[in-house]
Amino acid sequence: MTQTVILGVIGSDAHVVGITILEQALEAAGFDVVNLGVQSSQEEFVEAASANDAEAVLVSSLYGHAKQDCEGFHRRIAEADLDVTTYIGGNLAVGQDDFEETRAFFREMGFDRVFDSETDPEEAIDALMADLDMRSTESEREGHAVSA
Ligand code: B12
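Residues numbered from 1 in each chain as written. Predicted model: local features only at pLDDT ≥ 70, side-chain atom pairs only at ≥ 80, totals over all residues. Heavy atoms only, no water.

As annotated in an unreviewed UniProt entry, the protein carries the name Glutamate mutase sigma subunit and comes from Natrinema altunense. On record in UniProt, under Cofactor (unreviewed entry), the comment for the protein is "adenosylcob(III)alamin". Of the protein, the UniProt comment under Pathway (unreviewed entry) reads exactly: "Amino-acid degradation; L-glutamate degradation via mesaconate pathway; acetate and pyruvate from L-glutamate: step 1/4." (UniProt positions renumbered as here; feature names shortened; annotations may be inferred.)

Student: What's the story with helix α1 (residues 17–28) in this structure? I'm lost.
Tutor: It helps to recall that an α-helix has 3.6 residues per turn; residues three or four apart then point in one direction. Under the 1.5 Å per step criterion, the end-to-end length of α1 is 17 Å for 12 residues, consistent within 8% with the ideal 16 Å. Residue G30 follows α1 closely and has a positive phi angle near 105 degrees. (Helix = DSSP H or I, 4+ residues; strand = E, 2+ residues; numbered from the N terminus. Expected span 1.5 Å × (residues − 1).)

Student: Would you mind showing me how to read the coordination of the cobalt atom of the ligand here?
Tutor: Six octahedrally arranged donors around a metal ideally form angles of 90 or 180 degrees; four tetrahedrally arranged donors ideally form angles of 109.5 degrees. Donation to the cobalt atom of the ligand from the protein comes from one atom only, H15 (NE2), at 2.2 Å. Structurally, the position occupied by H15 is in the loop between β1 (4–9) and α1. (Donors = N, O, S within 2.8 Å, 3.2 Å for Na, K, Ca; no water.)

Student: Honestly, the sheet that holds strand β5 (residues 113–115) in this entry has me stumped. Any pointers?
Tutor: Strand pairing in a sheet is mediated by backbone hydrogen bonds. Such pairs are either parallel or antiparallel. Reading across from one edge, β2-β1-β3-β4-β5 is the order of the 5 strands in this open sheet, with parallel pairing throughout. The open sheet has two free edges, formed respectively by β2 (32–35) and β5, since each of these has just one partner strand. Going from strand to strand, the sheet's axes swing by 20 degrees on average, the running direction of each strand aside. Strands in contact with helix α5 (residues 99–109) are β4 (85–90) and β5; relative to β5, the strand with the most contacts, it is inclined by about 145 degrees. (Pairing = 2+ DSSP bridges. Axes fitted to C-alpha atoms, helices over the stretch in contact; angles between N-to-C directions. Contact = heavy atoms within 4.5 Å.)

Student: Looking at this structure, how should I read the side chain of T4?
Tutor: Relative to the elements of secondary structure, T4 occurs in strand β1. Under the relative-accessibility criterion, T4 is labelled buried at 12%. The contact partners of T4, leaving out residues within four places of it in the chain, are D32, V34, N52, A54, E55 and A56. (Buried < 20%, exposed > 50% of the residue type's maximum accessible area, 1.4 Å probe, protein only.)

Student: Whenever I open this one, the packing of aromatic side chains confuses me. Can you help?
Tutor: Any two aromatic rings considered together are summarised by their centre-to-centre distance and by the angle between their planes. Summed over all chains, the structure comprises 5 aromatic pairs. Ring centres 5.8 Å apart and planes at 85 degrees place the aromatic pair F45 and F73 in the edge-to-face group. Of the two residues, F45 sits in helix α2 (residues 42–51) while F73 sits in helix α4 (residues 73–79), which places them 28 residues apart along the sequence. Residue class for F45 comes out buried when judged on its relative accessible area of 1%. When the centroid spacing of 5.3 Å and the interplanar angle of 55 degrees are considered together, the rings of Y87 and F115 count as tilted. (Phe/Tyr/Trp six-rings, centres within 6.5 Å; stacked < 30°, edge-to-face > 60°.)

Student: I'm lost on a nonpolar patch on the surface in this one. Help?
Tutor: Together, V16, V17 and I21 give the surface a local cluster of nonpolar side chains, amounting to about 260 Å² of exposed area. Residue placement: V17 occurs in helix α1. (Patch = residues over 30% accessible without salt bridge, like charges linked within 9 Å, V, L, I, M, F, W, Y side chains within 5 Å. Areas by Shrake-Rupley, 256 points an atom, 1.4 Å probe, with all protein chains shown as cover. Salt bridge = Lys/Arg side-chain N within 4 Å of Asp/Glu carboxyl O.)

Student: Just to check I follow, could you spell out the site of the ligand for this structure?
Tutor: Lining the immediate environment of the ligand, one finds 28 residues, of which A14, H15, V16, S60 and G95 sit closest. Here A14 contributes a backbone N or O atom positioned 2.6 Å from an oxygen atom of the ligand. H15 is positioned with one of its side-chain polar atoms (N or O) 2.7 Å from a nitrogen atom of the ligand. Mapped onto the shell around the ligand, the elements with two or more residues apiece are α1, β3 (56–61), β4 and α6 (121–147). The class makeup of the residues in the shell around the ligand is 16 nonpolar, 11 polar and 1 charged. (Near = heavy atom within 4 Å. Polar contact = N/O pair within 3.5 Å; in protein donor to acceptor, adjacent residues only side chain to side chain. Nonpolar A, V, L, I, M, F, W, Y, C, P; charged D, E, K, R; others polar.)

Student: Help me understand the pattern of salt bridges in this model?
Tutor: As enumerated under the stated definition, the model contains 4 salt bridges in all. One salt bridge connects R76 with E43, and the closest N-O pair in it is separated by 3.4 Å. Of the two residues, R76 is situated in helix α4 and E43 in helix α2; the sequence distance between them amounts to 33 residues. We classify E43 as partly exposed; its relative accessible area is 36%. Ionic pairing is found between D131 and R113, a salt bridge with its closest N-O pair at 2.7 Å. Of the two residues, D131 sits in helix α6 while R113 sits in strand β5, which places them 18 residues apart along the sequence. The exposure class assigned to D131 is buried, which follows from its relative accessible area of 12%. We classify R113 as partly exposed; its relative accessible area is 32%.

Here is the structure:
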């Protein structure tokens, strides 16, 4: 079954090149991609995930305001009762401080994986395939448990 991924640049950020490359790489890997484009609000991500029954939401941010733009994002996802894998990537902080601190911050916020701006799209796609496979195996197991 084709898996649907929501992709977009959050907040007032207008950097479009990264998500265009990601969109092409995800499509080449067989995903259905809904690309919200730049300057997308939290609501737009959540509505698109819900409307398209998406498996994953990929947030991009380049201009250094990701922390502010993502505040409350996972609360909205939970309120919409969405079961999605969430990734964020790009230039997530102002300047290039210790990325491990940045990663820890966004993991704490609720993102399943956090990628820096050096990330090769193939690396993120491999991770996504592994995470979504694991999810479907888990839900199959849950399904068996219910029917048993
Ligand atoms: C081109 C560019 C612009 C263009 C954008 C044109 C456009 N429509 O896209 C313009 C001139 C408009 C611009 C404006 C600004 N920019 Co600018 N811009 C750049 C620049 C030079 C290249 C970005 C780019 O296209 N890279 C190429 C793509 C392929 O790489 P990428 O975007 O990094 O994406 C890859 C990865 O990051 C990763 N990735 C990205 N998102 C995600 C998400 C997930 C889930 C995953 C897995 C991976 C992933 O995968 C992508 C593909 O390989 C960068 C510097 C740089 N070298 O990165 C600065 C840069 C991003 N800009 C910067 C800034 C500050 C701005 C402005 C705020 C400047 C200003 N004061 O006005 C404004 C913001 C405007 C706005 N509203 O967004 C800073 C951000 C600083 C920070 N985060 O600390 C940078 C890093 C420059 C710098 N060194 O200071 N910018």
